[in-house]
Amino acid sequence: MGRKTGVTPAQTRAELVEAAARVFGLKGYDGASIADITDEAGLSLGSVYTHFQSKAELFVAVVREYGRQDYLDLTGLERTADVADISTLVGDVIEFLTPAGTSFASRPPADAPILVEAIMASKRDPEVSDLITTWILEVEGLIASAIASDQESGAVDSGVDAAALARFTTFVDLGARLAGVMDLPAVNEDGWSALINHLIASIRNPPPA
């Protein structure tokens, strides 16, 4: 089977990327084959090479299409259209970090599969590495800006290093995802929530008397 009747080349490419995202998410980059992807899409092997030179190029297309949103979903930012929407969702950094942080104890193993594959691939693929770095710095920048804004209003301790706290959220964020993939035993959710709330309280200025 080649390109489907009545379907444009752009639509065929989109179907391949969508099918590849499912297959890469299920089998990983190394476990997925071009045949797996074309079977999933209901297309021929030739249809892939009309649009992509290799499996690696197809994977980069998948990361571009789905990886950023995987990362935003993982950070608790859910479905967002652009940076302005993200900035609005971050808003008050305390209100953003508390529910985002407490949710990390219960991330399911299937969460953000493309992001995890992209992290693993970033070591060997500079283009994937650049994409992930851009997404992480984008979100870190917004979190740091929200922290600085809350410091100006007096809600957050002015002694907190905004960039350091934003990077700490990245470490917790990605660590939670990788721990899920490794199938580590779950920690007590109440204990985890208490810890996150304690950490958040440590950066919050007490309300005026």
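Residues numbered from 1 in each chain as written. Predicted model: local features only at pLDDT ≥ 70, side-chain atom pairs only at ≥ 80, totals over all residues. Heavy atoms only, no water.

For the structure on display, the rule yields five salt bridges. Of the charged contacts, one joins Glu18 and Arg22 as a salt bridge, the two residues approaching to 3.3 Å between their closest N and O atoms. Taken together, the residues span about one helical turn, with Glu18 and Arg22 both in helix H1 (residues 9-31) at a distance of four residues. Look at Glu18 and you get partly exposed, because its relative accessible area is 40%. (Salt bridge = Lys/Arg side-chain N within 4 Å of Asp/Glu carboxyl O. Helix = DSSP H or I, 4+ residues; strand = E, 2+ residues; numbered from the N terminus. Buried < 20%, exposed > 50% of the residue type's maximum accessible area, 1.4 Å probe, protein only.)

Side chains of nonpolar character tend, in soluble globular proteins, to be buried together. Grouped together as the largest cluster of nonpolar side chains are 46 residues, with contacts concentrated most on Phe24, Leu58 and Phe59. Within the residue set of this core, elements represented by two or more residues are H1, helix H2 (34-41), helix H4 (55-74), helix H6 (93-102), helix H7 (113-121), helix H8 (126-153), helix H9 (162-181) and helix H10 (189-203). Ranked by residues supplied to this core, first place goes to H8 with nine residues. If near-sequence neighbours (up to four positions away) are discounted, Phe59 is found in contact with Phe24, Tyr29, Glu117, Ala118, Ala121 and Val128. (Core = buried A, V, L, I, M, F, W, Y, C linked by side-chain atoms within 4.5 Å. Contact = heavy atoms within 4.5 Å.)

A separate point is H2. Structural remark: α-helix, 3.6 residues per turn; residues separated by three or four positions point the same way. Among the residues of H2, those classed as buried are Ile34, Ile37, Thr38 and Ala41. Along the axis of H2, the buried residues cluster in a sector spanning 95 degrees; they form a single face. Gly42 occupies a position one or two residues after H2 and carries a positive phi of about 70 degrees. (Arc of directions from axis to C-beta.)

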